[in-house]
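Next come the chains, spelled out residue by residue.
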Amino acid sequence: MSFSLHRFVGIAYKELIQLQRDRLTLGMIILIPLAEVFLFGYAINSEPKHLPTVVVMSDPGPAARAYVEALRVSGYFDIKGTVDEREAEALLDRGDVQFVVTLPINFHRDLVRGLRPTIILEADATDPMTVGSALAVQSGLRSSSSLLRDMPASTPDGTPPPFDVRVLRHYNPEIISAYNIVPGLLGVILTMTMALMTGLAMTRERERGTFENLLSTPATPFEVMTGKIVPYIGIGLVQVTLILLAARYAFEVPIVGSLLLLYGVVLLFIATTLSLGMTISSVARNQLQAMQITFFYFLPSILLSGFVFPFRGMPEWAQDVGSLLPLTHFLVLVRGILLKGAGPALLWPHIWPLFAFMAVVLLIGLKTYRRTLD
Amino acid sequence: MVTAPAITVSGLSKHFSGKAAVNAIDLTIHHGEIYGFLGPNGSGKTTFIRMLCGLLTPDGGSGSCLGHDLVREARQIKRKVGYMTQRFSLWDDLTVRENLDFVGRLYGVRQRRDAVTNTLRSYGLADRAEHLAATLSGGWKQRLALAACLLHRPQLLLLDEPTAGVDPTARREFWEELHRLSTEGVTVLVSTHYMDEAERCHRLAYLADGHLIVHGSADDIIQTAGVTTWVIQGATAVHRAAFAQTPGVTELASFGNALHVTGRDAGCLATHVPSQARALGLDARLAEPSLEDAFVYLMRRHAQRPPT
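First things first, this report covers the structure right here in the doc. Treat the numbers as computed from the prediction; the structure is a model and nothing was measured.

Here we look at the overall build of chain A
Helix and strand content of chain A: 15 helices and five strands. Expressed as a percentage of the 374 residues in chain A, the buried residues total 49%. When contacts within chain A are restricted to residue pairs at least 6 apart in sequence, those whose partners lie at least 24 apart make up 80%. As displayed, chain A offers around 17800 Å² of accessible surface, 64% of which is attributable to carbon and sulfur atoms.

Structure (structure tokens):
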């Protein structure tokens, strides 16, 4: 048992030198904690406010306007405008709005007559966390002072005007988190495994020296890339099927929409993620770097896509970053198909971004693929 | 019919971060020739070979390989060339057969299954066909690598130190195979550190610091060096110092019980070396200078050249 300070210092110094030369690791060491602090500190807001809301105003009277104003003032509802019933349903289906407030015909008159009219508040409850606090806030709204002041027929003793609010939770009426999480896992697991496996596929060749052999053959970059992507598509489809079976039979997640469409969307997502993996492996010098870059991509994918935290709960800049990530769109697509039964036309706004992402990434990949050892 | 040479390059250069790895090399290699590449590590042999098969793009000069332009037609060249890398570069986690099969697919070999089976048989790999490449010994790996780069019947073989770490018997068999291929018209460019292998080549080139120092047949090179070698029998390390002082001696090399004393001035050596040997009670005998003696002299002369 002997410990040499010289050897110890020597080794530590060597490690430092190596670390200083490994810019990527150094970058990761700094960027990952920073990213986490920023994401958790600013972006992730488990009490989402300013949720997009539209109003179906069947009675444009002062009482109805006072109620809508009270919702707005609460800070939880961002009133996007007034639409008709059909458009409201479409907006909710597409996920463009979180809430639809319907004020019944003759709301003002019935209120004055003491007939307890009912306001209907429809919520997209796909992700229960998003709507939870907003719904809690609105139930306390009736006793808010601004509402009491503006309502026409406050009872003489100052008690709240007699009207009801009925909350309808769409898509996930029982507020079961698994409905939200399990489809989300589909995307997360695919992102992780697909990007990583292909990311390693090419760098492994380079590391083992077999890449030189591959390069000396007539195989073209496109052949090599696609040849390496295709086997993983099969693996991805197997993963998806396993998760779907678990979702259906273990968590009893309803599968409302078309399975064919679901698999179509899954294929697109797999292709997108694999293209990313191939590009990572063209850029990275070795397997370790490929792994690091994959994690660097994976982290924001999980945090900013709406998987872990409600998408609408994030500030706008974080939502903008999230919109660039394929997982964000994939989550909307999968939840839309599984829980809402949405069709292709409705989902198109989230399908084309995947195509766009794939095209950009493949282009970078083919550009950076090293045809020679230069 | 006069055929064009298999390889012609002129002024071929390649720089890495400003330093010339290959410096303006002119070279012609004929069809069916076994051409040896010698030179210390880092002299540019591998870089040169990689430029020939399109793995590196030359940044100066021009050349053609099997009638195709080196820069513009790298793809056509790759189809006709078999390249054996310095380090074993087949897939460790594939079996011998799977490796050959995969390479066959990459080159679009016709009747691939038969070709693979024939190759396995003719290279004695049949017994090991189902072994993982990783489990093969050095000699077998080399044999597999050669089989893999011959599967598509290339017209040119580029072999980068193919026999490093291979035992003498396997090396001998390997060279017999190269000569057989050569008689079939296959051109072979092979880099090596072994002098016995250099002597088996039709022609040789010696590289140092990216410069082509000398080229020609082994005899030509010994002629060019113009050195004279005396062999002193029974000389030991004790006697080295005495000969190092002897006028005209530029190189000393020990071989078992003998000391090789080499210099360029034959007359000067003839006057001083035998008398020095007699003074020490040893016997000196004039010998044919070896290729190694010539190379060592040429290397030294290159190192001492005035800076350009």
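Additional details are given in the paragraphs that follow.
Section: the overall build of chain B
Looking only at helices and strands, chain B has 11 helices and 14 strands in total. Considering only residue pairs separated by 6 or more positions, chain B has 69% of its internal contacts joining residues 24 or more positions apart. Counting only carbon and sulfur atoms, one obtains 50% of the accessible surface of chain B, whose full area is about 14300 Å².

Describing unusual backbone geometry
Even without glycine at this site, Leu66(B) takes up a positive phi of about 55°. Residue position: Leu66(B) is located in the loop between strand 4 (60-65) and strand 5 (68-69).

Here we look at the sheet that holds strand 6 (residues 81-84) of chain B
All names here are of chain B. Pairing in this open sheet of six strands is mixed, and the strands run 6-7-8-3-9-10 from one edge to the other. Pairing within the sheet leaves two strands with one partner each, and these edge strands are strand 6 and strand 10 (211-216). Averaged over all adjacent pairs, the angle separating strand axes in this sheet is 15°, with direction ignored. Across four bridges, the pairing between strand 6 and strand 7 (residues 156-160) is parallel. When the bridges of strand 7 are listed, valine 81 appears paired with leucine 156. In the packing of helix 5 (residues 138-150) onto the sheet, the strands contacted are strand 6 and strand 7, and the crossing angle to strand 6 comes to about 160°.

Some words on the packing of helix 3 (residues 96-106) of chain B against helix 4 (residues 112-122) of chain B
All names here are of chain B. At a minimum axis separation of 10 Å, helix 3 and helix 4 run at an interaxial angle of 135°. Relative to helix 4, helix 3 is oriented oblique. Like other packed secondary-structure pairs, helix 3 and helix 4 cross with a definite hand, here right-handed. Residue-level contacts link Val96, Arg97, Leu100, Asp101, Gly104 and Arg105 of helix 3 to Arg112, Val116, Thr117, Thr119 and Leu120 of helix 4. The residue makeup of the contact of helix 3 with helix 4, split by class, is four nonpolar, three polar and four charged.

So, the interface of chain A and chain B
On the side of chain B, 20 residues touch chain A, which itself brings 18 residues to the contact. Summing both partners gives a buried area of about 1800 Å² for chain A against chain B, and 51% of it is carried by carbon and sulfur. Scanning the region where chain A abuts chain B turns up two salt bridges. Between Arg208(A) and Asp93(B) there is a salt bridge whose closest N-O contact spans 3.2 Å. Counting across the chain A and chain B interface gives 11 residue pairs in polar contact (both at pLDDT 80 or more). For the side of chain A that touches chain B, the secondary structure elements donating two or more residues are helix 8 (177-208) and helix 9 (210-216) of chain A. Sort the elements by how many residues they give to the side of chain A that touches chain B and helix 9 of chain A lands first, with six residues. Its residues assigned to classes, the side of chain A that touches chain B shows five nonpolar, seven polar and six charged.

Remarks on the packing of aromatic side chains
Residue and element names in this part refer to chain B. The final tally for this structure, using the stated rule, is seven aromatic pairs over all chains. When the centroid spacing of 5.1 Å and the interplanar angle of 35° are considered together, the rings of phenylalanine 37 and phenylalanine 48 count as tilted. Here the residue phenylalanine 37 occupies a position in strand 3 (residues 34-38), and phenylalanine 48 occupies one in helix 1 (residues 45-52), the gap between them amounting to 11 residues. Assigned by exposure class, phenylalanine 37 and phenylalanine 48 land together as buried. Among the aromatic side chains, those forming a connected cluster through ring pairs are Tyr35, Phe37 and Phe48. The ring of tryptophan 140 is capped by arginine 128, whose NZ or CZ atom sits 3.9 Å from the centre of that ring. If you follow arginine 143 out to its NZ or CZ, it ends over the ring of tryptophan 140, 4.6 Å from the centre.

Section: empty space enclosed by the protein
Space left empty within the atom packing is revealed by a probe, the size of a water molecule, rolled over the atoms. Per the stated rule, a full pass over the model turns up one cavity of 30 Å³ or more. What the largest cavity holds in volume is close to 110 Å³. Lining the largest cavity we find 13 residues, and of these Asn213(A), Tyr83(B), Ala145(B), Ala148(B) and Cys149(B) sit closest to its centre. Of all the secondary structure elements, the ones that give two or more residues to the lining of the largest cavity are helix 9 of chain A together with strand 6 and helix 5 of chain B.

Details of helix 3 of chain B
All names here are of chain B. Among the residues of helix 3, Val96, Asn99, Leu100, Asp101, Val103 and Gly104 are the ones counted as buried. Tucked into the core, helix 3 has its buried residues touching helix 4 and helix 5. Trailing helix 3 by a residue or two, glycine 108 shows a phi angle of about 60°, which is positive.

Some points on a nonpolar patch on the surface
There is a patch of nonpolar side chains on the surface, built from Trp348(A), Trp352(A) and Phe355(A) and spanning about 370 Å² of accessible area. Note on placement: Trp352(A) falls in helix 15 (residues 344-368).

With respect to the pairing of strand 7 of chain B
All names here are of chain B. Of all five residues that make up strand 7, five are buried, and the element is covered over most of its length. Burial along strand 7 is two-sided: Leu156, Leu158 and Asp160 and Leu157 and Leu159, pointing in opposite directions, are all buried. The sheet contact formed by strand 7 and strand 8 (residues 187-191) spans five bridges and is parallel. Its bridge partner being in strand 8, leucine 156 is matched across the sheet by threonine 187. The handedness of the strand 7 to strand 8 crossover, carried by helix 6 (residues 168-183), is right-handed.

Things to note about the side chain of His68(B)
Of note, His68(B) is situated in strand 5. Contact partners of His68(B), with chain neighbours within four places excluded, come to Gly63(B), Glu73(B), Gln76(B), Ile77(B) and Lys80(B).

A short note on the layout of surface pockets
All names here are of chain A. Of the volumes computed, that of the largest pocket is approximately 760 Å³. In this structure, the largest pocket is lined by 35 residues; those nearest its centre are Gly95, Gln98, Phe311, Arg312 and Val332. Elements with a contribution of two residues or more to the lining of the largest pocket: strand 2 (77-82), helix 4 (85-94), helix 13 (316-323), helix 14 (326-340) and helix 15. Counting residues per element, the lining of the largest pocket draws most heavily on helix 14, at seven residues. Among the residues making up the lining of the largest pocket, the classes are represented as nine nonpolar, 13 polar and 13 charged. In this structure, the lining of the largest pocket is formed jointly by two domains, domain 1 (51-170) and domain 2 (177-368), each of which donates at least three residues.

A short note on the environment of Tyr194(B)
Residue and element names in this part refer to chain B. Turning to its location among the elements, tyrosine 194 is positioned in the loop between strand 8 and helix 7 (195-199). Sequence separation between tyrosine 194 and alanine 164 is 30 residues; the distance between their C-alpha atoms is 8.9 Å. Every residue in contact with tyrosine 194, bar those within four places of it in the chain, is listed here: Thr163, Ala164, Gly165 and Arg171.

What about a negative patch on the surface?
Together, Asp84(A), Glu85(A), Glu87(A), Glu89(A) and Asp93(A) line one region of the surface with negative charge. Summarising the element assignment, Asp93(A) is placed in helix 4.

Rules used in this analysis
- Residues numbered from 1 in each chain as written.
- Chains lettered and ligands numbered in written order.
- Predicted model: local features only at pLDDT ≥ 70, side-chain atom pairs only at ≥ 80, totals over all residues.
- Heavy atoms only, no water.
- Helix = DSSP H or I, 4+ residues; strand = E, 2+ residues; numbered from the N terminus.
- Buried < 20%, exposed > 50% of the residue type's maximum accessible area, 1.4 Å probe, protein only.
- Contact = heavy atoms within 4.5 Å.
- Areas by Shrake-Rupley, 256 points an atom, 1.4 Å probe, with all protein chains shown as cover.
- Pairing = 2+ DSSP bridges.
- Axes fitted to C-alpha atoms, helices over the stretch in contact; angles between N-to-C directions.
- Parallel < 35°, antiparallel > 145°, perpendicular 65-115°, else oblique.
- Left-handed = near helix turned anticlockwise from the far one by under 90°.
- Nonpolar A, V, L, I, M, F, W, Y, C, P; charged D, E, K, R; others polar.
- Buried area = accessible area lost by both parts, 1.4 Å probe.
- Salt bridge = Lys/Arg side-chain N within 4 Å of Asp/Glu carboxyl O.
- Polar contact = N/O pair within 3.5 Å; in protein donor to acceptor, adjacent residues only side chain to side chain.
- Phe/Tyr/Trp six-rings, centres within 6.5 Å; stacked < 30°, edge-to-face > 60°.
- Lys NZ or Arg CZ within 6 Å of the ring centre and 35° of its normal.
- 1 Å grid on protein atoms, 1.4 Å probe; cavity = no way out; pocket = protein on both sides within 12 Å on 5 of 7 lines; lining within 4 Å.
- Points joined across faces, edges and corners; volume = space filled by probe spheres on them.
- Patch = residues over 30% accessible without salt bridge, like charges linked within 9 Å, V, L, I, M, F, W, Y side chains within 5 Å.
- Right-handed = clockwise from strand over helix to strand, strands pointing away.
- Domains from an automatic or database assignment.
- Lys, Arg positive; Asp, Glu negative; His and termini not counted.
- Charge placed at Lys NZ, Arg CZ, Asp CG, Glu CD.

Remember, this is a structural readout, not a statement about activity or role.
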